Amino acid sequence: RRALRLYSAAVEPFKYIDGITEPNDKATAQEVRSACYLNLAACYDKIQDHANGLSACNKVLEVHSDSKKALFRRAKALIGLGRLLDAKTDVERLLLDDPGDKAVVAVAAELRKKQRVADEQDKKIFTKMFS
């Protein structure tokens, strides 16, 4: 929780970088802001605050659409929120890039497990509806 407070405070000055006119300064500010948001996402993941984790990852992906860390952490947040199809998109994208990444493979396995559970629940609901 302490890290969460510190990263939240660190990202605050970088929320308003649109006024920076020097390209090198703006790029540096975007990199620092992205690093802060990635760290915030990791903190949110630890406390299972998936909605804020998702938001932090989306902030990074607005600027760095190919950020593997942001995609990975967003997939975990989406799984936590039950948005399994959205998570699947991120996981598939990560697996295309590096099919041997053990952390991504583990998240893919978790996603498949949760999808099976969701499918079983849907099957029970539809069975009741049409009986």
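Above this note sits the structure.
Residues numbered from 1 in each chain as written. Predicted model: local features only at pLDDT ≥ 70, side-chain atom pairs only at ≥ 80, totals over all residues. Heavy atoms only, no water.

**Concerning unusual backbone geometry**
To keep it simple, the criterion reads: Comment: elements are numbered from the N terminus, with helices defined as DSSP H or I runs of at least four residues and strands as E runs of at least two.
Phi angles above zero are rare outside glycine, and glutamine 48 is one such case at about 60 degrees. Looking at where glutamine 48 falls in the secondary structure, it is placed in the loop between α2 (23-46) and α3 (50-63).

**Some remarks on a positive patch on the surface**
This is how the line gets drawn: Patches were defined on residues exceeding 30% relative accessible area and lacking a salt bridge, with like-charge contacts within 9 Å and nonpolar side-chain contacts (Val, Leu, Ile, Met, Phe, Trp, Tyr) within 5 Å. To be clear on the numbers: accessible area is Shrake-Rupley with a 1.4 Å probe, and residue cover counts the displayed protein chains and nothing else. Every case where a carboxyl oxygen of Asp or Glu lies within 4 Å of a side-chain nitrogen of Lys or Arg is listed as a salt bridge. By the counting scheme adopted, Arg and Lys are positive, Glu and Asp are negative, and His together with the chain ends is not counted. A charge is said to be at NZ when it belongs to Lys, at CZ for Arg, at CG for Asp and at CD for Glu. A 1.4 Å probe rolled over the protein chains alone gives each residue an accessible area, and that area as a share of the maximum for its type sets the label: buried under 20%, exposed over 50%, partly exposed in between.
A cluster of basic residues, Arg112, Lys113, Lys114 and Arg116, forms a positive patch at the surface. Its location among the elements puts arginine 112 in helix α6 (residues 102-129). Residue arginine 112 is classed as partly exposed on the basis of its relative accessible area, which comes to 47%.

**Some details on α3**
For clarity, the cut-off: Residue count minus one, scaled by 1.5 Å, sets the expected span of a helix. Working note: the arc is built from the helix axis to C-beta atom directions.
In this model α3 runs 21 Å from its N-terminal to its C-terminal C-alpha over 14 residues, within 8% of the 20 Å that 1.5 Å per residue would give. Turning to α3, its buried residues number three or more, namely His50, Gly53, Leu54, Ala56, Cys57, Val60 and Leu61. The buried residues of α3 occupy one face: seen down the axis, they fall within an arc of 165 degrees.

**Considering the side chain of histidine 50**
So the rule is basically this: Residue contacts are defined here by distance: any two heavy atoms, one from each residue, within 4.5 Å place the two residues in contact.
Its place among the elements puts histidine 50 in helix α3. Exposure remark for histidine 50: the relative accessible area of 19% places this residue in the buried category. Each residue touching histidine 50, except ones within four places of it in the same chain, is listed here: Lys76, Ala77, Gly80 and Leu81.

**Some details on the nonpolar core**
As a reminder, the rule being used: By nonpolar core we mean a set of buried residues, namely Ala, Val, Leu, Ile, Met, Phe, Trp, Tyr and Cys, connected to one another through side-chain atoms within 4.5 Å.
Ranked by size, the top nonpolar core spans 30 residues in total, and within it Tyr37, Leu40, Ile79, Val91 and Leu111 carry the most contacts. At the level of secondary structure, the elements contributing two or more residues to this core comprise α1 (2-11), α2, α3, α4 (68-80), α5 (84-97) and α6. When residues no more than four places from it in sequence are discounted, the contact partners of isoleucine 79 are Leu84, Ala87, Val107, Glu110, Leu111 and Lys114.

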